[in-house]
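Residue-level structural notes
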Amino acid sequence: MRSQSAKAQPAKSAAVGRTPRAPQQRRPEGRPPARSQAAVRPRPKSRLPQRPRPLKLAEPKRRLRVITVALSLVFSVFAGRLVQLQLVDADALAADANTNRYQNIPITAERGSIMSSDGVALAATVDAYDITADPAMFTPAATGIPDAPEQAAALLSPIIGVAKDRIAADLHTPKTRYKRLASQQTPAAKNQISDLKSSLEKQAGSRACQAQKKLLGKPADQGGRTRVDNECANPLAGVFNRETQKRIYPADGLAANLVGFVNGEGEGAGGLELQYQKQLAGKDGHSSYAQAGGRLVPTAGGSMDPAVPGSDVKLTINRDVQWAAQRAITDQVANSGAEKGYVVVQDVKTGQVIAMASAPGFNPNDLSLSKQSQMGNPALVDAYEPGSTAKLMSLAAVLDSGKANWDTRVTVPNRLVRAGQQFKDDVEHGDWYLTLAGVLAKSSNIGTIEAVETLGDGDQLKANQILDGYMRKFGVARPTGLNFPGETPGMLKKPEDLVASEKYNISFGQGPLQMNALQATSVYSTIANGGVRVAPSIVQGITGPDGKYTATPPGEQTRVVSEETAKTLTSMLESVVDDEQGTGGKAAIPGYRVAGKTGTANRGAADGKGYDGYTASFIGFAPADAPRYTVSCTLQGPVNGHFGGQLCGPVFKQVMEFTLKTMQVPPSGSQAPNLPVEWKP
């Protein structure tokens, strides 16, 4: 028993401090044990420390994948944008940058000169300036001035002579980076603009203006930009000047109708300036430079395609002879009351034109003072019926065909009926008994008709066909070869198309026969040159931009009549001037033998219907024994007289005499043959 008690002792001591339990009573069998109040209370939770939950580690591979994808997307966007900027849009962006940064300025090629035969300029180029602007620099944002174009226009207009409205309109084009406000301004105008621009720049950069600009962070405009006071801004900041050239004519109106003129753009608009536009103009270049605020950026680079200067055109025109011809025809146009007139001087050996003068003329340095009708070259452009000067071709055909000689006798009645029409001479007369030389000397229309009829042996169509062939060889109804702008080839109706009186009046230079002054002059030069026609020329040669001179090839030569026929005709033409019965006595030059012919033709009306007024002319060459030069004078519509010998004979004498002395042609060493003009029945 003790041993059991001793064994239970530890359990008893373990319960020390606890409230002793009440003795348990035996419960009836089958009934659940009764629970005390203490028994229904919840047992206190164990106070032993709980085990911590285990840490759940992250998945590093997954996180790296997410970060990698995100960074890849970001870099892809950047890379795509870089590809777009550097590859796809690179050219466009560069162009936009250059548009805003670089100014492209055209460089006008220096226009070549037109020179006389001695190398003196008749048309030259001098330094001038184009006044230009960058419209993008005139916006309110660029200037701080709401009306910058108007302010600039008000300052520039009185200097460059352009209307304010036009200047302002040009400056109101901000999408255009270059505008030419005025061309070919003088250095004085350029300097005036530069001085004004510099003055405005100094004013805008003054301390007072700089301080004022800082204070004027007040009233901002509607776009949110700070408005700068007009007095502290430069409305001319976007105005520049570009070196260019200006066409001048040092001799004013000398040879103006031949040389021509240029338009406001400096391009040939008339005469040789137009004909040789391509050679004279050269090839324009351009330059590109970086700019900021209207100033050159020296270190920003640029490019230049230099201009190629134009070629120089050297003419066959002799300045002194041209001056004499121009003065003579100008005076006679005024004295005779003519509508216009022209003189041509030609070298009979070379075909070169050494003078071509027209009146009234014009001054190409100031076209505003001239009428449009005065600015052409009527010596080449006008087609007119030559009248009696054409009788030389008719008698040349008769002589060269062997149908007559200079001393062939011709009876000339007061009237000649052909094709139902009465033909007459300029003066009333009884029967004339003339040699063929006399027919030419007295300028008989009837005698010429009778002489031409011999060509066909009674068949007028055949006669006209032969005459037509000779006229065309003389250069009638075909271009002279000068290719001058507006030049007329003239007109010659075909023989089979001639009707009624046309079959006869064509023989004395009326009706369906028209020529220009150079063509008519060339006919006489052909006879003076022994019957050989040399195609006319007016350009001696061209000097290219490389300094190489290229001479114009000699004019084409064509045998028209035999040398014997030419000598006979020359002697007959001398009778026109030397014989007292000749019509050209006023053309005689002391010391020189002169061969020539007068012309007095009915002038075709402007509307092409009938005739109105006269064409007076004289054409001749000298010295007749050793011909050097041919001079022609033509007056259209004179009112103070109308005979060619009376009006143009003195002009011929004045010009030819001056030419012979200027060219140092010695006087004739023999006397004229004085062929008889009459015979006694």
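Residues numbered from 1 in each chain as written. Predicted model: local features only at pLDDT ≥ 70, side-chain atom pairs only at ≥ 80, totals over all residues. Heavy atoms only, no water.

Taking an unreviewed UniProt entry as the reference, the protein chain is identified by name as Cell division protein belonging to Kitasatospora aureofaciens. The record held by UniProt for the protein chain lists under Sequence similarities (unreviewed entry) the comment "Belongs to the transpeptidase family." The Subcellular location (unreviewed entry) comment attached to the protein chain in UniProt states, word for word, "Membrane". (UniProt positions renumbered as here; feature names shortened; annotations may be inferred.)

All right, on to the pattern of salt bridges then. Using the criterion set out here, one finds 17 salt bridges in the structure. In this structure, R603 and E339 form a salt bridge, with 3.1 Å as the shortest nitrogen-oxygen distance. One end of the pair, R603, is in strand β24 (residues 595-604); the other, E339, is in the loop between α12 (319-336) and β12 (340-347), with 264 residues separating them in the sequence. The salt bridge involving R472 is made with D468; its shortest N-O contact spans 2.8 Å. With R472 and D468 both in helix α17 (residues 460-473) and 4 residues apart, this pair spans about one turn of that helix. For R472, a relative accessible area of 30% corresponds to the partly exposed category. Look at the salt bridges and you will find they share partners, linking D130, R180, R242 and E265 into a network. (Salt bridge = Lys/Arg side-chain N within 4 Å of Asp/Glu carboxyl O. Helix = DSSP H or I, 4+ residues; strand = E, 2+ residues; numbered from the N terminus. Buried < 20%, exposed > 50% of the residue type's maximum accessible area, 1.4 Å probe, protein only.)

Quick look at the pairing of strand β3 (residues 121-133) now. Burial analysis of β3 places 10 of its 13 residues in the buried class, the great majority of the element. Pairing geometry for strand β2 (residues 114-115) and β3, over 2 bridges, is antiparallel. Its bridge partner being in β3, I114 is matched across the sheet by A123. Here β2 hands over to β3 after 5 residues, with G119 in that stretch at a positive phi of 85 degrees. With 10 bridges connecting them, β3 and strand β5 (residues 239-248) associate as antiparallel partners. Bridging across to β5, T125 finds its partner in R247. Alignment of β3 against strand β4 (residues 179-185), held across 4 bridges, turns out to be antiparallel. Within β4, the residue paired with Y129 across the bridge is Q185. (Pairing = 2+ DSSP bridges.)

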